[in-house]
Amino acid sequence: MTNTTENANLCGLNRKDFQTTINGKKTDLYILRNRKGYEVAITNYGGAIVAIMVPDKDGNVANVIQGHDNIQSVINSPEPFLSTLIGRYGNRIRKGTFTLNKKEYQLAINNGPNALHGGPTGFHARVWDARQMGPRSLALHYTSAYGEEGFTGECQVTVEFTFTDQNELILEYLATTNKKTIINLTHHGFFSLPGIANPTPTIENQICEINADFYVPVDETSIPTGEILKVQGTPFDFRTPKPIGQDIDADDEQIRNGAGYDHNFVLNKKEEGELSFAAKLTDPTSGRTMEVYTTEPGMQVYTDNWATGYEGAHGATFPRRSAICFECQHFPDSPNRPYFPSVVLDPGQQYKQKTIYKFGVI
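Here the structure is a predicted model, which is why all the values come from computation and not from measurement. (Residues numbered from 1 in each chain as written. Predicted model: local features only at pLDDT ≥ 70, side-chain atom pairs only at ≥ 80, totals over all residues. Heavy atoms only, no water.)

### Observations concerning the nonpolar core
Move 1: Core analysis: the biggest nonpolar cluster contains 57 residues, and Ile 52, Phe 161, Met 299, Phe 326 and Phe 359 have the highest contact counts within it.
Move 2: Here this core gets five residues from one element, more than from any other, and that element is strand E14 (residues 155–163).
Move 3: Apart from the residues within four sequence positions on either side, Phe 326 is in contact with His 187, Gly 189, Cys 208, Ala 279, Leu 281, Met 290, Val 292, Met 299, Gln 300, Val 301 and Tyr 357.
Move 4: The next biggest cluster of nonpolar side chains, apart from the first, holds 14 residues, and it includes Ala 41, Tyr 45, Ala 48 and Val 127. (Core = buried A, V, L, I, M, F, W, Y, C linked by side-chain atoms within 4.5 Å. Buried < 20%, exposed > 50% of the residue type's maximum accessible area, 1.4 Å probe, protein only. Helix = DSSP H or I, 4+ residues; strand = E, 2+ residues; numbered from the N terminus. Contact = heavy atoms within 4.5 Å.)

### Considerations on the pairing of strand E10 (residues 103–106)
Move 1: As paired strands, strand E9 (residues 97–100) and E10 are joined by four bridges and run antiparallel to one another. Looking at the pairing, Thr 97 lines up with Gln 106 of E10.
Move 2: With antiparallel pairing between neighbouring strands as the criterion, E9 and E10 make up a hairpin whose turn holds two residues, including Asn 101 at a positive phi of roughly 50°. (Pairing = 2+ DSSP bridges.)

### A word on the sheet that holds strand E20 (residues 229–230)
Move 1: As summarised here, the arrangement of the five strands in space is E20-E19-E22-E25-E28, forming an open sheet in which the pairing is antiparallel. Whereas interior strands pair on both sides, the edge strands pair on one side only; in this sheet they are E20 and strand E28 (325–329).
Move 2: Bridging between strand E19 (residues 212–216) and strand E22 (residues 262–267) involves four bridges; their strand directions are antiparallel. Its bridge partner lying in E22, Tyr 215 is registered against Phe 265.

### Focus on the sheet that holds strand E18 (residues 207–210)
Move 1: Spatial ordering of the open sheet is given by E12-E13-E14-E15-E30-E24-E23-E18-E21, a layout of nine strands whose pairing is antiparallel. The open sheet terminates on both sides in strands that have one partner only, identified here as strand E12 (129–132) and strand E21 (242–243).
Move 2: As judged from the four bridges shared by E18 and strand E23 (residues 276–282), these two strands associate in the antiparallel manner. Residue pairing across strands places Ile 207 opposite Thr 282, the latter belonging to E23.

### Observations regarding the side chain of Thr 43
Move 1: Structurally, Thr 43 can be placed in strand E4 (residues 39–43).
Move 2: A relative accessible area of 0% places Thr 43 in the buried class.
Move 3: Within polar-contact distance, the side chain of Thr 43 engages the backbone nitrogen of Tyr 45 at 3.2 Å. (Polar contact = N/O pair within 3.5 Å; in protein donor to acceptor, adjacent residues only side chain to side chain.)

### Observations concerning the pairing of strand E24 (residues 288–294)
Move 1: Among the seven residues of E24, six are classified as buried, and the element is accordingly described as predominantly covered.
Move 2: The pairing of E23 with E24 spans six bridges and is antiparallel. Bridge pairing in E24 places Ser 276 opposite Thr 294.
Move 3: Connecting the antiparallel pair E23 and E24 is a turn made up of five residues, with Gly 287 showing a positive phi of about 80°.

### Some words on the pattern of salt bridges
Move 1: Counting across every chain of the model gives 14 salt bridges.
Move 2: Linking Arg 33 and Glu 39 is a salt bridge whose minimum nitrogen-to-oxygen distance equals 2.8 Å.
Move 3: Since its relative accessible area comes to 21%, Arg 33 is described here as partly exposed.
Move 4: A residue is classified by how much of its surface remains accessible, and Glu 39, at 1% relative accessible area, is buried.
Move 5: Here Asp 249 ties to Arg 321 by a salt bridge, and the two come within 3.0 Å at their closest N and O atoms. Of the two residues, Asp 249 sits in the loop between E21 and helix H2 (253–258) while Arg 321 sits in the loop between strand E27 (317–318) and E28, which places them 72 residues apart along the sequence.
Move 6: For Asp 249, a relative accessible area of 56% corresponds to the exposed category. (Salt bridge = Lys/Arg side-chain N within 4 Å of Asp/Glu carboxyl O.)

Right, dumping it as structure tokens:
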């Protein structure tokens, strides 16, 4: 920890409120602070980001990510994936089954008839080994055991968080396996650019741009149909910036299937794996902006369609559609769609991903 006075943090979070022991492993709170004095607060339980403190156009600082202010609330959150790391497999796998090396694997079913986000005890519910490397960088490491949540292979996973002086939150992922497996890592940040509040304002007036000409339609259980469709002429066309709320309740089968936006966008890329612009979010009221850059081929955009107004940090409440998630990843159900970009990781290979959330003002 770089701060010596517990309450000196902009985020108002106390380290001791995040300290407990789970299965012999200690949880804690880690504050990243850049030279401008802005902060990102992360707990090693699930890699949950519990605060991102950045200024609005008038210099007023607020927390722009949804989270909790103590470890028990993080563990018992009504939204188990609230601003956490996700693995081994982000997003959904149809009926929780896939075949690898002619062997069928069965995962836990935790989202209707499907597997979601690595299962109920996925990476979001694990205590990671943490190493803070100076005031602006934190490395989290986790060994995912062979057979954990039904996945094959033992995976060594490291995620490094860096908060730059340009108010960029950089996430770099690295994973290896000792046996052929599937992997699709992401972070499930619930972003609220006006700042969390009671109640946290709707995202519907925020202006969104997404650098994608195509998206992945889903069935009524949110599993890809197998098609890749043009966004042109649909509610999914964010190539020109528009308010999120403009088409969020459109009379459209895909919008109905997602109860709003809960879809994977196929990001425009000049070459596979390049770090490129994915999205931009602008809150006209506060003037805050967030740009997303990623090496991943896809980005799941989720408009917090199922939130219930539950309580978060410092008495904030999180109503339906008070956050938006930009989950940079491979496509849903890829193990069952061989023509989607591959999520297979072999021994001797490295899984690598880099995603940047850059905060600014208009």
